[in-house]
Amino acid sequence: MQEHFQVFARYNTWANQRIYTVVAKLSEAEIKKSRSAAFFGSILGTLNHILVGDQIWMSRFEGSDHGLESLDQVLFDDFEDLKIARREEDRRILTFVDRMSSPYYERVLAYRTMEGAAKSGTYAQLFSHLFNHQTHHRGQVHALLKEAGEEPPAIDLLYFLT
């Protein structure tokens, strides 16, 4: 399990770097432009949502309070600040996953949703969700980049593995 999640942590970092490189080519207006296909309003809103999700889950894994208010919270209105925070969060995920051992993934984590509902799952299930959530919303940004006139980067896992 450890090697599996280490691969996904590295893939996540790689895919984020590729997406952020293309987003950086856009004007601030394009990054913030309201888009009907965006679940979180814009490219910036969607990238913020991915970071919010990561911070919530990593805080749960680490046993700390994330202090976030909502899933659509805009942590960074400036793309450059968001890019820095994204790199820091990717390092946080990589470091955490590198320290975990395979038996750890079988442990159960009890947590509360943003609405306060009690939930639980194994670390393996919840880390799978963390990485799947990122992939899902990066796919949305991928489509929004095309809509904004930029060629989206190849971010399939197979491209990372080869």
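Source: prediction; values computed, not measured.

Caption draft 1: Just the packing of helix H3 (residues 43-62) against helix H4 (residues 79-99), in detail. Contact geometry for H3 and H4: axes closest at 10 Å, N-to-C directions at 30°. The angle between the axes of H3 and H4 places the two elements in the roughly parallel class. H4 is crossed by H3, and the crossing has left-handed handedness. Between H3 and H4, the residues in contact are Leu-44, Leu-47, Asn-48, Ile-50, Leu-51, Asp-54, Gln-55, Met-58, Ser-59, Phe-61 and Glu-62 and Phe-79, Leu-82, Ala-85, Arg-86, Glu-89, Arg-92, Ile-93 and Phe-96, respectively. When its residues are assigned to classes, the contact of H3 with H4 shows 11 nonpolar, 3 polar and 5 charged.

Caption draft 2: Structural context of the packing of helix H1 (residues 2-23) against H4. Direction vectors running N to C along H1 and H4 enclose 170°, while the axes themselves pass 9 Å from each other. Put simply, H1 runs roughly antiparallel to H4. Contacts between H1 and H4 involve Gln-2, Phe-5, Gln-6, Ala-9, Arg-10, Asn-12, Thr-13, Asn-16, Tyr-20 and Val-23 on the former and, on the latter, Phe-79, Leu-82, Lys-83, Arg-86, Asp-90, Ile-93, Leu-94, Val-97 and Asp-98. Residues of the contact of H1 with H4, tallied by class, amount to 9 nonpolar, 5 polar and 5 charged.

Parameters at a glance
Residues numbered from 1 in each chain as written. Predicted model: local features only at pLDDT ≥ 70, side-chain atom pairs only at ≥ 80, totals over all residues. Heavy atoms only, no water. Axes fitted to C-alpha atoms, helices over the stretch in contact; angles between N-to-C directions. Helix = DSSP H or I, 4+ residues; strand = E, 2+ residues; numbered from the N terminus. Parallel < 35°, antiparallel > 145°, perpendicular 65-115°, else oblique. Left-handed = near helix turned anticlockwise from the far one by under 90°. Contact = heavy atoms within 4.5 Å. Nonpolar A, V, L, I, M, F, W, Y, C, P; charged D, E, K, R; others polar.

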